[in-house]
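Chain by chain, the residues:
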Amino acid sequence: MAWNPRISRRHLMSGAAGLTGAALLGSGPIRGAAADPLAPEAAALGAGGPPPGTVSLEFDRRAYVELDAAMLHTQKATYPRIKLLPDGRYLLLYQDAQIGWNIFWSLSDDLRTWSDPQKLFAAHKVMDGQDDQAYSTADAVVLANGDILAVCSYRASKNFYKIWDVSGLAMRRSTDNGATWDEERVVYVGPNWEPYLYQLASGEVQIYFSHIAPKMAVENTPHSSGVAIIRSFDDGATWVPDVVAYPYAADRVAQQYRTTSENGVKMFTDQMPSVIETGPPGRIALAVESAQPEGGPMRISLIHTDRNWPDALDMDETGPADRSNSVFPGAAPYLARFPTGETVLAYNTNSRQYLRLGDSEARTFGEPHDYLPGTGYWGSIVVTGDQTLVSSMAYVKSTGNALMIGTLHLNRALTVHQFPRRATADVRVWPESSSRLFLGGDSQAQATIRAGRHGSTLLLRLERRDDHVDDGDTVTIHLASRRTAGRRLRLTVDGRGAVSVATFAGGVYTDDGETVVTSRPVEPAHDDAVAWELAVPLAPMRPHGAELGVTATLANVDEPGGTAVTTSLVGVDLDDPRTWFDLRLGG
């Protein structure tokens, strides 16, 4: 079965981000070409690689949070960046004006409750009080040694296009999980926008940014851009090149020709960079937004290197060669990569944040879908666990901007835990595991499913979190043989853990009086949850090798007599087990 990245349709709008010319990045499910999405060399980064089978993202409605203007100390909060810290807490950075003024920071244990925001980079008077130094577009990276580096663009507000050495990149460091920060220092001089920080597996730290200074300084061209980097080999203590003077040129790594001005000056684009390392040290994917020669909306370009950008581009040179230009509409891209190899690309279009799941090289992506309910711009994403991703973006409101924070879960093949023969039900303990299926995008109720095996019995650990357990609340688990077409079981579990079994025959499910599935309560992982272990005999399923197909639906009724809201695992067709998730039984 080909790898099939699909993202759940939560909070979708009609007319969202349509694609044309699907030969490159197709707008539908990815098949065939992405059947082996992870290059073998990628194991050097510790990624086992997404195996064939369905892969999707599911929105966690229960975990969704909005931070309001009062809490944020500004009516114009935007450009949020969230980072997971070594101590398990979260760092939030944002700015208090659309093009920036101050940069704020805050800390949280759970993404819900945040410390009182403080200024990390504070605007102040410069040039003998004749101008204001403003800060914008901050990003941060947590280094392998635990230090946090935060970098942002600074500028003289009135003289950005006139005096070039009053703009640059400023950096601050924290060595105690964001509790305190050292003094601000300048790491690059020259007009710029939108820095992005990344540390390679080799330890090299890189700052990518929209590189506009050289064209401004040399040719008086304010609207030409590209992407450049400066590098540090000592955890940010020093940076190369050390750019402090005319023509303010860092190492250009990407730019594409856009047009020629009336004065005969070549104009370039590529800006707002985001990168991930995808393979052996130095294999890097770069996503940028690119302006179009004819004007109109930005489009996303994807650029790659196998050798960590060995050659800097000249001021009027297009490159590098390994790039796909303007592949679909979008702006403000942000990349992330799960430990298992799946990549995610977030970007904005039509004032909404869209996400696409991609292969391990970030070359081929599936359909775009949105999750966060509000409209705004300049969002970001960050992987926070083996199967969790946090998405954030400003929610622009007339009453004051909010910041939206959403949690998504990666659903992929279920790996089965092998219980020893002696681990009978009375002594069996389920270990911690990141292999699970999650449902919970359509109501406050949610469910997770994990799998185990005890001899010839399949064990399914089902946990349900629900504020209002009602008679109509069920979780239905579907199992299918990969060996015998049409051989399926349907297990319906009610709010008390009782199981009814149905067998598929003749195109319909009918009650099965022969297959006995037992259920016993087990200790839930959450205080507000209930959990059961289901014991399913494997013999009736005739497993093909070591695999079954599995999917599920969640029905929830919050009010007595109310209408049930049904959540299904996204990208799955209940009538087509080929689209279901693989369930790997092992030996």
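Residues numbered from 1 in each chain as written. Predicted model: local features only at pLDDT ≥ 70, side-chain atom pairs only at ≥ 80, totals over all residues. Heavy atoms only, no water.

A look at the overall build of the protein
And then number 1: Looking only at helices and strands, the protein has three helices and 43 strands in total.
And then number 2: The C-alpha radius of gyration computed for the protein amounts to 26 Å, which stays within 12% of the reference 25 Å derived for 587 residues, consistent with globular compactness.
And then number 3: Referenced to the eigenvectors of the C-alpha coordinate spread, the extents of the protein come out at roughly 85 × 45 × 45 Å.
And then number 4: Among the 587 residues that make up the protein, the fraction classed as buried is 58%.
And then number 5: Averaged over its 53 positive side-chain charges, the protein has a centre that lies 4 Å from the centre of its 69 negative ones. (Helix = DSSP H or I, 4+ residues; strand = E, 2+ residues; numbered from the N terminus. Rg over C-alpha atoms; globule rule 2.2 N^0.38 Å. Buried < 20%, exposed > 50% of the residue type's maximum accessible area, 1.4 Å probe, protein only. Lys, Arg positive; Asp, Glu negative; His and termini not counted. Charge placed at Lys NZ, Arg CZ, Asp CG, Glu CD.)

With respect to the nonpolar core
And then number 1: Formed by 46 residues in total, the largest nonpolar core has its most connected members in Leu57, Tyr208, Leu286 and Leu355.
And then number 2: Ranked by residues supplied to this core, first place goes to strand E20 (residues 284-290) with five residues.
And then number 3: Met171, Leu197, Ile207 and Ala217 belong to the second-largest nonpolar core, a separate cluster that totals 38 residues. (Core = buried A, V, L, I, M, F, W, Y, C linked by side-chain atoms within 4.5 Å.)

Overview of the pattern of salt bridges
And then number 1: Under the criterion given, the structure shown has 28 salt bridges.
And then number 2: Between Arg496 and Asp494 there is a salt bridge; the shortest N-O distance is 3.3 Å.
And then number 3: For Arg496, a relative accessible area of 63% gives the class exposed.
And then number 4: Within the structure, one salt-bridge network assembled from shared partners comprises Arg62, Arg465, Asp467 and Asp528. (Salt bridge = Lys/Arg side-chain N within 4 Å of Asp/Glu carboxyl O.)

Points about the side chain of Asn177
And then number 1: Its location among the elements puts Asn177 in the loop between strand E11 (168-174) and strand E12 (185-189).
And then number 2: A polar side-chain atom of Asn177 sits 3.3 Å from the main-chain amide nitrogen of Asp87. (Polar contact = N/O pair within 3.5 Å; in protein donor to acceptor, adjacent residues only side chain to side chain.)

Some thoughts on the environment of Val536
And then number 1: In this fold, Val536 is placed in strand E40 (residues 529-537).
And then number 2: Separated by 215 residues in sequence, Val536 and Ala321 have C-alpha atoms that sit 54 Å apart.
And then number 3: In this structure Val536 touches Ser456, Thr457, Leu458, Leu460, Leu479, Leu489, Leu491 and Val517, once residues within four positions along its chain are discounted. (Contact = heavy atoms within 4.5 Å.)

Overview of unusual backbone geometry
And then number 1: The peptide bond linking Val240 to Pro241 adopts the cis configuration, its omega dihedral lying at -10°.
And then number 2: By secondary structure assignment, the location of Pro241 is in the loop between strand E15 (227-232) and strand E16 (251-254).
And then number 3: Cis geometry marks the peptide bond from Gly319 to Pro320, where omega comes out at -10°.
And then number 4: Here the phi dihedral of Asn177 falls at roughly 60°; this positive angle occurs in a residue that is not glycine.

Side note on the pairing of strand E24 (residues 343-349)
And then number 1: Within E24, seven of the seven residues are buried, which leaves the element mostly enclosed by the surrounding structure.
And then number 2: Where burial is concerned, the two faces of E24 agree: the one with Thr343, Leu345, Tyr347 and Thr349 and the one with Val344, Ala346 and Asn348 are both buried.
And then number 3: Direction of pairing for strand E23 (residues 331-337) relative to E24: antiparallel, over a ladder of five bridges. By the bridge assignment, Leu335 is partnered in E24 with Leu345.
And then number 4: Between the antiparallel neighbours E23 and E24 lie five residues, among them Gly341 with a positive phi of about 110°.
And then number 5: The pairing of E24 with strand E25 (residues 352-358) spans seven bridges and is classified as antiparallel. Counterpart to Thr343 in the pairing with E25 is Gly358.
And then number 6: The antiparallel pairing of E24 with E25 creates a hairpin that spans two residues between the two strands, and Asn350 there sits at a positive phi of about 50°. (Pairing = 2+ DSSP bridges.)

Looking at the sheet that holds strand E8 (residues 124-126)
And then number 1: The strand order E8-E9-E10-E11-E12 describes an open sheet built from five strands, whose pairing is antiparallel. Bordering the open sheet on either side are E8 and E12, each of which pairs with just one other strand. Between one strand axis and the next, the sheet turns through 35° on average, direction left out of account.
And then number 2: As judged from the eight bridges shared by strand E9 (residues 131-142) and strand E10 (residues 148-156), these two strands associate in the antiparallel manner. Bridging across to E10, Ala140 finds its partner in Ala150. (Axes fitted to C-alpha atoms, helices over the stretch in contact; angles between N-to-C directions.)

Notes on the environment of Gln418
And then number 1: In this structure, Gln418 sits in strand E31 (residues 417-418).
And then number 2: The exposure class assigned to Gln418 is partly exposed, which follows from its relative accessible area of 38%.

Notes on the confidence of the model for the protein
And then number 1: Looking at the protein as a whole, the pLDDT averages 89, with 90% of positions reaching at least 70.
And then number 2: Contacts from residues 1-52, a stretch scored under 50 in pLDDT, to residues over four places away or in other chains number 153 contacts. (pLDDT = per-residue confidence, 0-100.)

Some points on the packing of aromatic side chains
And then number 1: Across all of its chains, the model carries 17 aromatic pairs by this definition.
And then number 2: Aromatic side chains Tyr188 and Phe209 sit 4.7 Å apart centroid to centroid with 45° between the ring planes, which places their arrangement in the tilted category. Here the residue Tyr188 occupies a position in strand E12, and Phe209 occupies one in strand E14 (residues 205-211), the gap between them amounting to 21 residues. Each member of the pair, Tyr188 as well as Phe209, carries the same accessibility label: buried.
And then number 3: The interplanar angle of 25° and the centroid separation of 6.4 Å between the aromatic rings of Tyr347 and Tyr354 together place this pair among those described as stacked.
And then number 4: On the accessibility criterion, Tyr354 (1% relative accessible area) is buried. (Phe/Tyr/Trp six-rings, centres within 6.5 Å; stacked < 30°, edge-to-face > 60°.)

Looking at the sheet that holds E16
And then number 1: Strand order across the open sheet formed by four strands is E13-E14-E15-E16, with antiparallel pairing between neighbours. A single partner strand is all that each edge strand has here, and the edge strands are strand E13 (192-199) and E16. For this sheet, the mean angle separating the axes of adjacent strands, direction not counted, is 35°.

What about the side chain of Asp270?
And then number 1: On the secondary structure map, Asp270 appears in the loop between strand E18 (266-269) and strand E19 (271-277).
And then number 2: A polar contact of 3.3 Å, which involves the side chain of Asp270, links it to the backbone nitrogen of Gln255.
And then number 3: A distance of 2.8 Å separates a polar atom in the side chain of Asp270 from a polar atom in the side chain of Arg323.
And then number 4: Non-local contacts of Asp270, meaning those with residues more than four positions away in its chain, are made with Ser225, Gly226, Val227, Ala254, Gln255, Gln256, Val288, Glu289, Ser290, Ser301, Ile303 and Arg323.

Things to note about the environment of Leu72
And then number 1: When you line up the elements, Leu72 lands in helix H2 (residues 69-72).
And then number 2: Here Leu72 falls in the buried class, since its relative accessible area comes to 0%.
And then number 3: Taking C-alpha positions, Leu72 is 9.9 Å from Gly400, a pair spaced 328 residues apart along the chain.
And then number 4: What Leu72 contacts, discounting residues up to four positions off in sequence, is Leu67, Ala77, Tyr94, Pro117, Asn401, Ala402 and Leu403.

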